[in-house]
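# Summary of the model geometry
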Amino acid sequence: MVERNPVLTIVTHVVLAIGIAIVAFPLYITFVASTLTMEQVLEVPMRLLPGDQFWANYSQVLGAGSTRGSAAPVAPMMVNSLIMALVIAVGKIAISIISAFAIVYFRFPLRSFFFWMIFVTLMLPVEVRIIPTFKVVSDLGMLDSYAGLTLPLIASATATFLFRQFFMTVPDELVEAARIDGAGPMRFFIDVLLPLSATSIAALFVIQFIYGWNQYLWPLLITNDESMYTAVIGIKRMIVGGDALTEWHLVMATAMLAMLPPALVVLLMQKWFVKGLVDTEK
Amino acid sequence: MASISLRNVIKRYGRGPKANQVVHGVDAEIGDGEFIVIVGPSGCGKSTLLRMVAGLEEITGGEIHIGGRIVNRLEPSERDIAMVFQNYALYPHMSVFDNMAYGLKIAKVPLAEIKTRVDKAAKILELGALLERRPRELSGGQRQRVAMGRAIVRQPAVFLFDEPLSNLDAKLRAQTRLEIQKLHRELGITSLFVTHDQVEAMTLAQRMLVMNAGRMEQFGTPEEVYQRPASTFVAGFIGSPPMNLLRGQADGARLSIGGHSLPLPAAAPRNGELILGLRPEHAGWGADGPGTWELQVEVVETLGAERLVYCRLGDTLFTVRIDGMLPAPRPGDRVPLGVAAERLHWFDPGTSQRIA
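### Quick look at the overall build of chain B
Across its full length, chain B carries 8 helices and 20 strands. Projecting the C-alpha coordinates of chain B onto the three principal axes gives extents of approximately 75 × 50 × 35 Å. Counting across all 356 residues of chain B, residues that qualify as buried make up 38%. Counted over contacts in chain B with a minimum sequence separation of 6, partners at least 24 positions apart contribute 64%.

In structure tokens, the structure reads:
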């Protein structure tokens, strides 16, 4: 709408502000709770202004962890989460871009069969294949290891499909020009396709990083050792039965910490992310 | 520097009875340094032929020699060719310099020499100030020149052009045509140029190869093709407006066309069914020549320098091109049409080939 009516402008801003308030309020509550003492958190109603326990709570969570439930410090969990998210994001991108390259640019027997096989796995999310996957990973002795955490989640039909779609929009003449210039397939891949995919790679990295960071069910199943917990699992393990027993201020502090890296990744890569979703340099 | 020979070159897609043959045995000998234009309507196989020379399409049958070497099984990069594509196919993420240098980098040419060669090409094409730019920051004409620059720096034996002018506007196209001619004069590199535009073909070609439906219809200089078209297809394709082609019944003295009976020149080659061709610019008012045809004017188009007069002849329109300074006939007028015998073309209606 290109209407320039001051009343409408005010109305739209008010609506937007209400929307933001609705979305942001739980976040704010989480933050406030993470700066209170245990007693203050349990007051009803809980106060809405931040308390003075910010440093105390966050340093306790990072360095020592909760005193109830699982008492592991959160800092190493953050590192675990980071490793898991990075390995999954990078691994997914590396494998899918190579598979897409093979599917689009090489003629081999059963090419479309393989493509459809990859495509069909889209219909099988982690949750559906979790029991057999768990069995395989446990038989391979990969429980409580980074390999176990990341490998089963690396294969990605979505990313392969996305790269395939992108490669199909690269003009054939570019491939032919490269052939005439004497570039072999790998040379073409590295010199032409990779730079052209940069924005798609950035967009996928953001999506996959968040996907990896937020994994819940899989790490919950295969990590028993506290040193292998991810931040998300850490939160879960801090919550013990009964409201009064859980140190909610610490849980909230951990939640805030767990939210931070994905938010940072999105903020830092926002420009590339949007570019990768909307335009391609061709 | 190289000659090219095409020997019974065939292209077929698919196999067995379902195979779709698109090039039906083209034979042509192209001399060193010649500028050859391959021209024909869309889908006639001209681009396919060029791409077979480039090595981008497999050759189903026959042989292609470049510089005396059979290249059927060679990769494009080994054929000593350079190609300019219709959409230029510049690498979007590389600067103009890198676009031109890419092939040389792969060929492991020393950096200093790459720089000299690119600078030289940039100078010829006036790209010096643009070397650091990305293709998307260039205009269509500049991109086109970069594409040519990329071809030049390779110092190939053969240049291949795949409709390189069709994405330019009319003015730029005329200008680039002249530049290509100049470039060819300076570098003297054997060139194959594909186009569907007969003006480009006539102006650029030293010899032109006219194709239709996968067959070579004629291979000759622009003058030969214009003056002695080898078939009704060439007659109708080259020349604008196209040649009038009239199917009629001859009995030695008269040709009857759609109920009209026209006196035939004495040189009429034979009796029976015939196709007669006469270019609009070779028909004129007046009673000179072997016979005067009286036709009724239907439409007149004024183009400034000339007028196109469409006259009714049976169920077809006969086009006459007259000088724009002559008074315009009005629709409905009956005009006498003078026909010069030496300007008539005769074709066999069965084979469409030229008789005389």
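### Quick look at the overall build of chain A
When helices and strands are tallied, chain A shows 13 helices and 0 strands. Ordered by position in the sequence, the α and β elements of chain A form the string α-α-α-α-α-α-α-α-α-α-α-α-α. For 282 residues, the compact-globule formula gives about 19 Å, and the C-alpha radius of gyration of chain A, at 24 Å, lies well above that figure. If one aligns the C-alpha atoms of chain A with their principal axes, the spans along those axes are about 75 × 65 × 30 Å. Here chain A holds 282 residues, and the buried ones make up 34% of them.

### Let's talk about the domain arrangement of chain B
Residue and element names in this part refer to chain B. As assigned here, chain B comprises domain 1 (4-236) and domain 2 (242-347). Distance between the C-alpha centres of domain 1 and domain 2: 39 Å. Facing the 5 residues of domain 1 at the interface are 7 residues of domain 2. For the side of domain 1 that touches domain 2, the per-class residue count stands at 2 nonpolar, 3 polar and no charged.

### Here we look at helix α2 (residues 96-106) of chain B
All names here are of chain B. Most of α2 is tucked away: 8 of the 11 residues are buried. For α2, the complete set of buried residues consists of Val96, Phe97, Asn99, Met100, Ala101, Tyr102, Gly103 and Leu104. Tucked into the core, α2 has its buried residues touching α3 (111-124) and α4 (140-153). Once α2 finishes, Lys108 follows within two positions and takes phi at roughly 60 degrees, a positive value.

### Some points on the pairing of strand β3 (residues 35-39) of chain B
Residue and element names in this part refer to chain B. Counting buried positions over the 5 residues of β3 gives 5, a clear majority of the element. Side chains Phe35, Val37 and Val39 project from β3 onto one buried face, and the interleaved Ile36 and Ile38 project onto a second face that is buried too. With 5 bridges connecting them, β3 and strand β8 (residues 190-195) associate as parallel partners. Bridging from a neighbouring strand, Val37 pairs with Phe193 of β8. One ladder, built from 4 bridges, connects β3 with strand β9 (residues 207-212); its direction is parallel. When the sheet's bridge partners are listed, Val39 is paired in β9 with Val210.

### Quick word on the packing of helix α4 (residues 74-105) of chain A against helix α7 (residues 146-154) of chain A
Residue and element names in this part refer to chain A. Here α4 crosses α7 at 35 degrees, and the two axes come no closer than 9 Å. The two elements α4 and α7 meet at a crossing, and its hand is right-handed. The residues of α7 that touch α4, namely those facing Ile83, Met84, Val87, Ile88, Gly91, Lys92 and Ile95, are Tyr146, Leu149, Thr150, Leu153 and Ile154. Residues belonging to the contact of α4 with α7 are distributed by class as follows: 9 nonpolar, 2 polar and 1 charged.

### A closer look at the interface of chain B and chain A
Between chain B and chain A, the contact holds 16 residues from the first and 16 residues from the second. Of all elements in the fold, only β6 (81-84) and α2 of chain B reach the threshold of two or more residues within the side of chain B that touches chain A. Here the side of chain B that touches chain A gets 3 residues from one element, more than from any other, and that element is α2 of chain B. Of the residues contributing to the side of chain B that touches chain A, the split by class is 12 nonpolar, 4 polar and no charged.

### Thoughts on the sheet that holds β9 of chain B
All names here are of chain B. The 6 strands lie next to each other as β6-β7-β8-β3-β9-β10, forming an open sheet whose pairing is mixed. The open sheet has two free edges, formed respectively by β6 and β10 (215-220), since each of these has just one partner strand. Looking at each pair of strands side by side, their axes are set apart by 15 degrees on average, direction ignored.

### A few points about unusual backbone geometry
Note the cis peptide between Val44 of chain A and Pro45 of chain A, where omega equals -10 degrees. Residue position: Pro45 of chain A is located in the loop between α2 (38-42) and α3 (54-63). A cis amide bond links Ser240 of chain B to the next residue, Pro241 of chain B, at an omega of -5 degrees. Inspection of the secondary structure puts Pro241 of chain B in the loop between α8 (232-237) and β11 (244-250). Here Ala89 of chain B, not a glycine, exhibits a phi torsion of approximately 50 degrees, which is positive. Structurally, the position occupied by Ala89 of chain B is in the loop between β6 and α2. Backbone geometry at Glu163 of chain B places phi at a positive 45 degrees, although glycine is not the residue there. Relative to the helices and strands, Glu163 of chain B resides in the loop between β7 (158-162) and α5 (170-187).

### As for the nonpolar core
One finds Ile38 and Leu160 of chain B to be the most contacted residues of the largest nonpolar core, which totals 131 residues. In terms of residue count, the dominant contributor to this core is helix α10 (residues 185-213) of chain A (12 residues). Counting residues domain by domain, this core receives three or more from each of domain 1 (4-236) and domain 2 (242-347) of chain B. Among all residues touching Ile38 of chain B, those that are not within four sequence positions of it are Lys46, Leu49, Leu50, Leu192, Val194, Leu209 and Met211 of chain B.

### Some details on the pairing of β9 of chain B
Residue and element names in this part refer to chain B. Where burial is concerned, most of β9 is hidden: 5 out of the 6 residues are buried. When β9 meets β10, the two strands line up antiparallel, connected through 5 bridges. Residue pairing across strands places Met211 opposite Met216, the latter belonging to β10. Where β9 folds back onto β10 in an antiparallel hairpin, the turn is made up of 2 residues, including Ala213, whose phi is positive at roughly 45 degrees.

### Some words on the sheet that holds strand β1 (residues 4-13) of chain B
Residue and element names in this part refer to chain B. Taken in spatial order, the 4 strands make up an open sheet running β2-β1-β4-β5, and their pairing is antiparallel. If you trace the sheet from one side to the other, it starts and ends with β2 (20-30) and β5 (69-70), each paired once. Strand direction decides the pairing type here: β1 and β2, joined by 8 bridges, are antiparallel. Within β2, the position partnered with Lys11 by the bridge is Val23. Sheet strands in contact with helix α1 (residues 46-54) are β1, β2 and β4 (61-66), and its direction is about 115 degrees off that of β1.

The rules behind each value
Position labels on residues start from 1 in each chain and follow its written sequence. To read the labels, note that chains go from A and ligands from 1, taken in the order they are written. With pLDDT at 70 or above as the cut-off, local features in this predicted model cover only qualifying residues; side-chain atom pairs require 80 or more to be listed or tallied, and sums for whole chains, interfaces and linings still use all residues. Only DSSP runs of H or I covering at least 4 residues are called helices, and only runs of E covering at least 2 are called strands; the numbering of each starts at the N terminus. Counting other C-beta atoms within 10 Å of each residue's C-beta, where C-beta atoms are placed from the backbone, gives the exposure class: buried for 20 or more, exposed for 12 or fewer, partly exposed between. Two residues form a contact once the distance between their C-beta atoms, set from the backbone, is within 7 Å. C-alpha atoms define the radius of gyration in this analysis, and the globule rule sets the expected value at 2.2 Å times the number of residues to the power 0.38. Domain delimitation in this document rests on an assignment produced automatically or drawn from a domain database. Amino acids outside the nonpolar list (Ala, Val, Leu, Ile, Met, Phe, Trp, Tyr, Cys, Pro) and the charged list (Asp, Glu, Lys, Arg) are all regarded as polar, and Gly is one of them. Here a strand pair is declared whenever DSSP counts at least two bridges between the two strands. Here the axes come from fitting lines to C-alpha atoms, over the contacting stretch only for helices, and the angles between their N-to-C directions go from 0 to 180 degrees. Rotating anticlockwise by less than a right angle from the far helix to the near helix defines a left-handed crossing, while the corresponding clockwise rotation defines a right-handed one. To define a nonpolar core, we join buried Ala, Val, Leu, Ile, Met, Phe, Trp, Tyr and Cys residues through C-beta atoms within 7 Å and take the resulting set.

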